[in-house]
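Fold and geometry: a report
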Amino acid sequence: MSSAAIVVHSPAYFCDIGPHVFPVEKFARVRAHLLNGREIAAGDIVTPGPAPREDLLRAHTAEYIDDLEALRWTHRTRWSELPLTAEIVRAYRLAAGGTTLAARGALERGCGINLGGGFHHASADRAEGFCYINDLAVAVRVLQHEGLIRRAAVVDLDVHQGNGTALVFAGDESVFTLSVHQEMNYPMPKPPSTLDVGLEDRTGDEEYMRRLDPALAAVWSFGPEIVLYQAGADPYAEDQLGGLALTLEGLETRDRRVLEGCASRGIPAVVTLGGGYARRMEDTVAIHACTCRVALAASKTASNRPA
Ligand SMILES: [Zn+2]
């Protein structure tokens, strides 16, 4: 099955982080899931290179990137909840290269999918959580720098607020940051996004959509030339780090709202995976694969539309 979308993945998104709640195996498993389901063919997958330093510097400070390159544990890196090794830094540079590549592809083909990325807790001068490099911010800033876009939106539907992305783009009127998250969860405090929607514990499908729809309407009115979607799988009811109560069907509806919303408006969409810590890793993999399936279908419908 050929597809309009570009699909990006590197086997080196996997890195050894020791025993950890973050299932780094999931990137390859999502790829395998899509290949087994014949949603994509192996030949369709494009492998990114690591984001070059000059690209990283569009969203991060030189001091912070120096710390990462030298593997130094400083006040900038120590907020990470991962070890700091060359292999891990390389995996995060690859993810940033991957999201940038997917974003370039989205501008050409309407949709780009990175089977990784979505590391929204990293800010300009600081690691945080499981995030060293904010691939979403790097991709937006690189496309803007090259004059390929002016206005962008980041639609962050991870259960955790997108604090790093909010900080990078604070005061930047060319980028609309939306975060829909569980209010009483990490991170605390939450620096303001352009629009934050903080949900009550155990919010289910129906209430989620009732809050998501007007938030997306605000994104569409902003008129972005590209949407970067952080499609975290952790709003799922069975997530170990999340306290919302979405079902698998609810998460698919969520993905459709974003991705069909972009396709029907002719807005290029970039998918990144974000968080996902379901008790059963198969659930996390199935949620991410479903997001990709929705993105592939939406981009096909859009590309089949008469001009
Ligand atoms: Zn998360």
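Report on the accompanying structure.

About the cut-offs
Residues numbered from 1 in each chain as written. Predicted model: local features only at pLDDT ≥ 70, side-chain atom pairs only at ≥ 80, totals over all residues. Heavy atoms only, no water. Donors = N, O, S within 2.8 Å, 3.2 Å for Na, K, Ca; no water. Buried < 20%, exposed > 50% of the residue type's maximum accessible area, 1.4 Å probe, protein only. Helix = DSSP H or I, 4+ residues; strand = E, 2+ residues; numbered from the N terminus. Pairing = 2+ DSSP bridges. Contact = heavy atoms within 4.5 Å. Polar contact = N/O pair within 3.5 Å; in protein donor to acceptor, adjacent residues only side chain to side chain. Axes fitted to C-alpha atoms, helices over the stretch in contact; angles between N-to-C directions. Phe/Tyr/Trp six-rings, centres within 6.5 Å; stacked < 30°, edge-to-face > 60°. Lys NZ or Arg CZ within 6 Å of the ring centre and 35° of its normal.

**Focus on the coordination of the zinc ion**
Taken together, Asp158 (OD), His160 (ND1) and Asp234 (OD) make up the protein donors of the zinc ion, found 1.9 to 2.2 Å from the metal. Taking relative accessible area as the criterion, Asp158 reaches 1% and is therefore assigned buried.

**Regarding the pairing of strand β7 (residues 226-230)**
With five of five residues buried, β7 is to be regarded as a mostly interior element. Alternating residues of β7 divide into Ile226, Leu228 and Gln230 and Val227 and Tyr229, and every residue in both groups is buried. In this sheet, β7 lies alongside strand β4 (residues 152-156) in parallel orientation, the contact comprising five bridges. Among the inter-strand pairings, Ala152 is bridged to a residue of β7, identified as Ile226. Of the pairings in the sheet, the one linking β7 to strand β8 (residues 269-272) comprises four bridges and is parallel in character. Within the sheet, the bridge partner assigned to Val227 lies in β8 and is Ala269.

**Details of the environment of Asn163**
Residue placement: Asn163 occurs in helix α6 (residues 163-168). Residue class for Asn163 comes out buried when judged on its relative accessible area of 3%. When the C-alpha positions of Asn163 and Pro83 are compared, they lie 21 Å apart, and in sequence the two are 80 residues distant. When sequence neighbours within four positions are dropped, the list of residues in contact with Asn163 reads His120, His121, Glu128, Pro187 and Pro191.

**Comments concerning the side chain of His60**
Relative to the helices and strands, His60 is located in the loop between α2 (53-56) and α3 (62-70). From its side chain, His60 meets the backbone oxygen of Ser123 in a polar contact 3.0 Å long. Of the polar contacts made by the side chain of His60, one reaches the backbone nitrogen of Asn134; its length is 3.1 Å.

**What about the sheet that holds strand β6 (residues 195-199)?**
If you trace the eight strands from one edge of the open sheet to the other, you get β2-β1-β3-β8-β7-β4-β5-β6, paired in parallel fashion. The sheet is open, and its two edges are formed by β2 (45-46) and β6, each paired on a single side. Where strand β3 (residues 111-114) meets β8, three bridges bridge the pair, whose relative direction is parallel. Its bridge partner being in β8, Ile113 is matched across the sheet by Val271. Packed on one face of the sheet, helix α4 (residues 86-109) meets β1 (6-8), β2, β3, β7 and β8 and runs near 165 degrees to β3.

**Some thoughts on the packing of aromatic side chains**
Here the structure, examined in full by the defined rule, presents eight aromatic pairs. Arranged with centres 5.6 Å apart and planes meeting at 85 degrees, the rings of Tyr92 and Tyr132 form a pair that is edge-to-face. Of this pair, Tyr92 sits in helix α4 while Tyr132 sits in the loop between β3 and α5 (135-145), placing them 40 residues apart in sequence. In this pair, the class of Tyr92 matches that of Tyr132, namely buried. A ring pair is formed by Phe176 and Phe222, whose centres lie 5.5 Å apart and whose planes are at 55 degrees; its orientation type is tilted. Of this pair, Phe176 sits in strand β5 (residues 175-182) while Phe222 sits in helix α7 (residues 205-222), and the two are 46 residues apart along the sequence. The class for Phe176 is buried, based on a relative accessible area of 10%. Among the aromatic residues, ring-to-ring pairing joins Tyr13, Phe22, Phe27, Phe130 and Tyr277 into one connected group. The ring centre of Trp79 lies 4.0 Å from the NZ or CZ of Arg126, which sits over that ring. The ring of Phe222 has Arg151 lying over it, and the distance from NZ or CZ to the ring centre is 4.0 Å.

Taken by themselves, the reported measurements are silent on function.
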